Number of protein chains: 2
Amino acid sequence: MSSESKLKFGRDVISVEDARTRLYPHAAKMAIEYVPLTQAFGRRLAVDVYADHPVPHFRRSGVDGYAVRTADIRHAAPESPVSLEVIERIPSGTMPKLTVGAGQAARIMTGAPVPDGADCVVMLEMTDSLQDAGAGAVGGADAAGSGAGTNVSIKKNLPTGSNITPIAGEITAGELLLPRGSLLGPGEAAILATFGYSEVPVSRKPNVAIFSTGSELLNVADALAPGRIRNSNSYMLAAQVEAAGGVPHIWPALPDDANQVQEALKRALTAADLVITSGGVSVGDYDVLVEVFGQWDGRLLFNKVAMRPGTPTSAALWQDKLLLALSGNPGASYVGFELFAKPLLKAMLGCAEPCAQTVSAYLDADYGKASAYPRYVRGTMRIREGQLWVKPAGIDKSSVMVSIKDADCLIRLPAGGQGFQRGELVKIDLVHS
Amino acid sequence: MSSESKLKFGRDVISVEDARTRLYPHAAKMAIEYVPLTQAFGRRLAVDVYADHPVPHFRRSGVDGYAVRTADIRHAAPESPVSLEVIERIPSGTMPKLTVGAGQAARIMTGAPVPDGADCVVMLEMTDSLQDAGAGAVGGADAAGSGAGTNVSIKKNLPTGSNITPIAGEITAGELLLPRGSLLGPGEAAILATFGYSEVPVSRKPNVAIFSTGSELLNVADALAPGRIRNSNSYMLAAQVEAAGGVPHIWPALPDDANQVQEALKRALTAADLVITSGGVSVGDYDVLVEVFGQWDGRLLFNKVAMRPGTPTSAALWQDKLLLALSGNPGASYVGFELFAKPLLKAMLGCAEPCAQTVSAYLDADYGKASAYPRYVRGTMRIREGQLWVKPAGIDKSSVMVSIKDADCLIRLPAGGQGFQRGELVKIDLVHS
């Protein structure tokens, strides 16, 4: 058997998990770069972020009202209000100057520091500002009536600590807030702003070179020609790369000549952090990557994976750079990217658990096709009455491109058996996790 | 009652749904702009995209093998193979020159056009190339043995149409492929590439001006000071704006002076497509937006919504531009954005159904707090054995910022009642939908 025939027909098949295990050690960690916080959304954190101060760092009032001593209001009620002397008003951002003593209160705003002496804050709605009660003021709302030197009538008894967030009530100093690899969304942005990260250490985005193979491929701007199709895989993969946090670079489609292909791939492997190809890995006469791998002067990591679609998915190493060669059908390319390239990119960006989240769901349609290898069927989820149902997205054939947009998960159907019935629990990988 | 007091205490409360109904008519539709396909990922389509040709536009082979007439192979089997004359080889992208007649076959590659006369394609693995069988070739894999003028031995009977995708088998000409407002991801990119969209008509991104209020606010780069905190809401909202498809612009925090505030807001309303503020809408003495709305020379749409957190959420119109004033606590700002600003931005970008998807889930914790208004609790989902469970994300107090990052849904708890028990079915809004 020739070396090329061996590569086409004598391949050793390995599991998806084993294939990942062979890839991950070669996931190059990206360098740190600092970007302004407003440009960091959607990026991944390059370091662990710890709290350098507690939150709040002062006893914080949760409401607008009066800071008082609970001992003073123990018998307060609407029909027996307690009158207290207002000694100060404390806007947010202002430190109290005075200590609240017996029979005293301080007017305080939401978010302001609670003065010493006070151990609860009574909401404005449960108070009356005394001086202005006869002058038509509404509750404590009239600004003129709530300053120092006036009195306030408290109409409710509250327990100690009411409406006060203690120091470190939200976050303790030294606490791990965001682990390295965290995707920066709104909640993370709030934390980073709170802790002064005007510049954020994020991982550099991996540059990913994308190739398609196939002499049938036209450029997107080309007019349609008989027997030919426009190159859609490169753009689909580019969108997948971007969603996974990388920078896609679409290279010209690969020619049919093995030497030229090898040269183009090595140029890309030199320039990029990862190279992804689609097509050319199967058993056809024009599957040029098979020929290239037959004479590859780097390491071949695998060239057959126990999965459908995408059985001939291959990976090779050249000077520490990874080349991931996906099967060429649109569905196979899509699935291959999600199973191998996305976790790889997330690992390069520092994620500790880069694989998609796997959960179980009820199958919402019979699925007749048994398979010698585990199947990864593009699926669409639906939640009904607290139950998660999943069914194949549109027509599930690896060549079908139109239904890729409807996939939000991959249904993992084990090998063998007689197919699957509606209502069975199956495992699914969440594509957007 | 003074006008300001009325705005603080005499507000008319409306439902979340009514508030949305008052906002949507003022969602300005964004203009169309054309961007290269590789820059269109994550954008929203400004037009409906229809198929201008069928897919495939020729009878397409799904495998590498031989295109044959089923009538010729009706009795083919491993022990009684049928020998056919190979008249041509058809790489992908090449139109067949000959018609397959009785007793004939054409060598064909995956994705290539099936020649006239042939009505099925036999996979290479089920064939033997005859000439080279004695010379150690493996199956039909040897390139030299599969050209024209040779013979092929077919070892399997297949039904008509096998391994052929008919014209329009995936997509019919004239079919609606992607409606206006579609978010462009990998599947959409593949469709746009297939139909020649090298430039994509997308909606211009809405510019959103973001303000925070509060004299306690420091800039992110500032050192912490007693009683003061760094402005985190503006950055959280900026990340939410970006995730919703807008361009965030963080303006300097608003001062305490109502006239200056009004002036800054009008400058922003002139410059941006939407203005969002956080804070200053409540009953505190320093809630400056209440004062501003008291003298507003545009329309006030609402200033109290039956919801927790965020009851004082307000909205106003000025010269056809919307100003959305969110409650200032981090949790209230977050929820207010998700309930009002995100659907508004999606509507501006052409989405027909801009609201988050609402589904039902099982409550995974008791929730004791009853409420006079419906509650929108930031929740974290978990799928267990096909069931969707949800629980409040971390500490659910509107002032707590650290748990916002853990929210992937809003749990909608209706008003009244005695709280909610673990195991109850509740409605949730999916934040990422």
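Residues numbered from 1 in each chain as written. Chains lettered and ligands numbered in written order. Predicted model: local features only at pLDDT ≥ 70, side-chain atom pairs only at ≥ 80, totals over all residues. Heavy atoms only, no water.

(A) Structural view of the overall build of chain A. Regarding its fold elements, chain A presents eight helices and 25 strands. Relative to the 2.2 N^0.38 estimate, which gives 22 Å for 433 residues, the radius of gyration of chain A is 32 Å and therefore markedly larger than a compact globule would have. With the C-alpha coordinates of chain A rotated into their principal frame, the extents come out at 100 × 50 × 40 Å. Within chain A, buried positions represent 57% of all 433 residues. When the accessible area of chain A is evaluated, it comes to approximately 16,400 Å², of which 51% is carbon and sulfur surface. A distance of 5 Å separates the average location of the 41 positive side-chain charges in chain A from that of its 44 negative side-chain charges. (Helix = DSSP H or I, 4+ residues; strand = E, 2+ residues; numbered from the N terminus. Rg over C-alpha atoms; globule rule 2.2 N^0.38 Å. Buried < 20%, exposed > 50% of the residue type's maximum accessible area, 1.4 Å probe, protein only. Areas by Shrake-Rupley, 256 points an atom, 1.4 Å probe, with all protein chains shown as cover. Lys, Arg positive; Asp, Glu negative; His and termini not counted. Charge placed at Lys NZ, Arg CZ, Asp CG, Glu CD.)

(B) Expanded view of unusual backbone geometry. Residue and element names in this part refer to chain B. V55 connects to P56 through a cis peptide bond whose omega is -10°. Position of P56 among the secondary structure elements: in the loop between β2 (49-50) and β3 (60-61). Here the residue pair R308 and P309 is connected by a cis peptide bond, since its omega of -5° sits within 30 degrees of zero. With respect to the secondary-structure elements, P309 resides in the loop between β18 (299-302) and β19 (314-318). A positive phi angle, near 65°, is found at A168, a position not held by glycine. Assignment of secondary structure puts A168 in the loop between β10 (164-165) and β11 (176-178). The phi dihedral of E385 falls on the positive side, at around 50°, and the residue is not glycine. Tracing the sequence through the fold places E385 in the loop between β22 (375-384) and β23 (387-392).

(C) How the structure looks around the domain arrangement of chain A. All names here are of chain A. Domain assignment breaks chain A into domain 1 (3-30 + 205-348), domain 2 (33-56 + 169-203), domain 3 (60-165) and domain 4 (358-430). Computed over C-alpha atoms, the centres of domain 1 and domain 4 are 25 Å apart. Scanning the region where domain 1 abuts domain 4 turns up one salt bridge. Its salt-bridge partner being R412, residue E17 comes within 3.8 Å of it at the nearest N-O pair. Summed over the shared surface of domain 1 and domain 4, the result is two residue pairs in polar contact (both at pLDDT 80 or more). Broken down by secondary-structure element, the contributors of at least two residues to the side of domain 1 that touches domain 4 are α2 (16-23) and α8 (330-348). At seven residues, the largest contribution of residues to the side of domain 1 that touches domain 4 is made by α8. Partitioned by chemical class, the residues of the side of domain 1 that touches domain 4 number 11 nonpolar, four polar and five charged. (Domains from an automatic or database assignment. Salt bridge = Lys/Arg side-chain N within 4 Å of Asp/Glu carboxyl O. Polar contact = N/O pair within 3.5 Å; in protein donor to acceptor, adjacent residues only side chain to side chain. Nonpolar A, V, L, I, M, F, W, Y, C, P; charged D, E, K, R; others polar.)

(D) Here's a closer look at the relation of the copies chain A and chain B. With an axial shift of 0.0 Å and an RMSD of 0.1 Å, the rotation relating chain A to chain B amounts to 180°. Expressed as a symmetry operation, the mapping of one chain copy onto the other fits a two-fold axis. Of the C-alpha atoms belonging to chain A, the one lying closest to the rotation axis is found on Q387(A), 2.3 Å away. The overlap is high: 100% of the interface residues of chain A also sit at the interface in chain B, so the same surface is used on both sides. (Least-squares fit on C-alpha atoms with pLDDT ≥ 70 in both. Contact = heavy atoms within 4.5 Å.)

(E) Expanded view of the side chain of S278(A). Residue and element names in this part refer to chain A. By the secondary structure assignment, S278 is in strand β17 (residues 274-278). Accessibility expressed as a relative area gives 2% for S278, which makes it buried. Excluding residues within four positions of it along the chain, S278 makes contact with F211, S212, T213, N233, L237, L326, S327, G328 and S333.

(F) Structural view of the interface of chain A and chain B. Taken together, the contact pairs 88 residues of chain A with 89 residues of chain B. Summing both sides of the interface, chain A and chain B together bury roughly 7,300 Å²; the carbon and sulfur share of this comes to 66%. For the pair chain A and chain B, the interface holds zero salt bridges. Put simply, chain A and chain B have 14 residue pairs in polar contact (both at pLDDT 80 or more) between them. For the side of chain A that touches chain B, the elements supplying multiple residues, two or more each, are α1 (3-9), β11 (176-178), α4 (186-194), β15 (229-230), α5 (233-243), β21 (358-363), β22 (375-384) and β23 (387-392) of chain A. At eight residues, α4(A) tops the list of elements feeding residues into the side of chain A that touches chain B. (Buried area = accessible area lost by both parts, 1.4 Å probe.)

(G) Broad picture of the sheet that holds strand β4 (residues 65-68) of chain A. All names here are of chain A. Strand order in the open sheet made by the six strands is β7-β4-β6-β5-β9-β8, with mixed pairing throughout. Either end of the sheet is taken by a strand with one partner, and the two such strands are β7 (120-123) and β8 (127-129). For this sheet, the mean inter-axis angle between neighbouring strands, taken without regard to orientation, is 40°. Judged from the five bridges that link them, strand β5 (residues 82-90) and strand β6 (residues 104-108) form a sheet pairing that is parallel. Across the sheet, E85 pairs through a bridge with Q104, a residue of β6. (Pairing = 2+ DSSP bridges. Axes fitted to C-alpha atoms, helices over the stretch in contact; angles between N-to-C directions.)

(H) Spatial organisation of the pattern of salt bridges. In the structure shown here, the tally under the stated rule is 24 salt bridges over all chains. A salt bridge links K266(A) to D297(A); the nearest nitrogen and oxygen atoms lie 2.8 Å apart. In this pair, K266(A) sits in helix α6 (residues 258-271) while D297(A) sits in the loop between α7 (288-294) and β18 (299-302), placing the two residues 31 residues apart along the sequence. A relative accessible area of 15% means that K266(A) is categorised as buried. Its salt-bridge partner being K342(B), residue E338(B) comes within 2.8 Å of it at the nearest N-O pair. Here K342(B) and E338(B) lie together in helix α7 (residues 330-348), a separation of four residues that amounts to about one turn.

(I) Seen up close, the packing of helix α2 (residues 16-23) of chain B against α7(B). All names here are of chain B. Relative to each other, α2 and α7 sit at 30°, their axes nearing to 10 Å. Judged on the interaxial angle alone, α7 and α2 are roughly parallel. In this structure, α2 meets α7 at a crossing whose hand is right-handed. Contact residues: α2 offers V16, A19, R20 and L23, while α7 offers L339, F340, P343 and L344. Grouping the amino acids of the contact of α2 with α7 by side-chain chemistry returns seven nonpolar, no polar and one charged. (Parallel < 35°, antiparallel > 145°, perpendicular 65-115°, else oblique. Left-handed = near helix turned anticlockwise from the far one by under 90°.)

(J) Local environment of helix α3 (residues 186-194) of chain B. In terms of burial, α3(B) is a largely internal element, nine of the nine residues being buried. Looking only at α3(B), the buried set comprises P186(B), G187(B), E188(B), A189(B), A190(B), I191(B), L192(B), A193(B) and T194(B). Lining the buried residues of α3(B) we find β15, α5 and α8 of chain A together with β2, β11 and β12 (199-203) of chain B. G196(B) lies just past α3(B) and shows a positive phi near 80°.

(K) Examining the packing of aromatic side chains more closely. Counted under the stated rule, the structure contains eight aromatic pairs over all chains. Aromatic pair F211(B) and W251(B): ring centres 5.3 Å apart, planes at 50°, arrangement tilted. Of the two residues, F211(B) sits in strand β13 (residues 207-212) while W251(B) sits in the loop between β16 (247-250) and α5 (258-271), which places them 40 residues apart along the sequence. Looking at F211(B), the relative accessible area reads 1%, which means it is buried. Above the ring of W296(A), the side-chain terminus of K266(A) is found at 5.9 Å from the ring centroid. Above the ring of Y66(B), the side-chain terminus of R107(B) is found at 5.6 Å from the ring centroid. (Phe/Tyr/Trp six-rings, centres within 6.5 Å; stacked < 30°, edge-to-face > 60°. Lys NZ or Arg CZ within 6 Å of the ring centre and 35° of its normal.)

(L) Region of the structure containing the state of the cysteines. Residues and elements named next belong to chain A. Taken as a whole and judged by the stated rule, the model has zero disulfides over all chains. C355 provides the cysteine sulfur closest to C409, a residue in no disulfide bond, and the two sulfurs are 16 Å apart. On the basis of relative accessible area, C409 is assigned to the buried category, the value being 0%. (Disulfide = S-S within 2.5 Å.)

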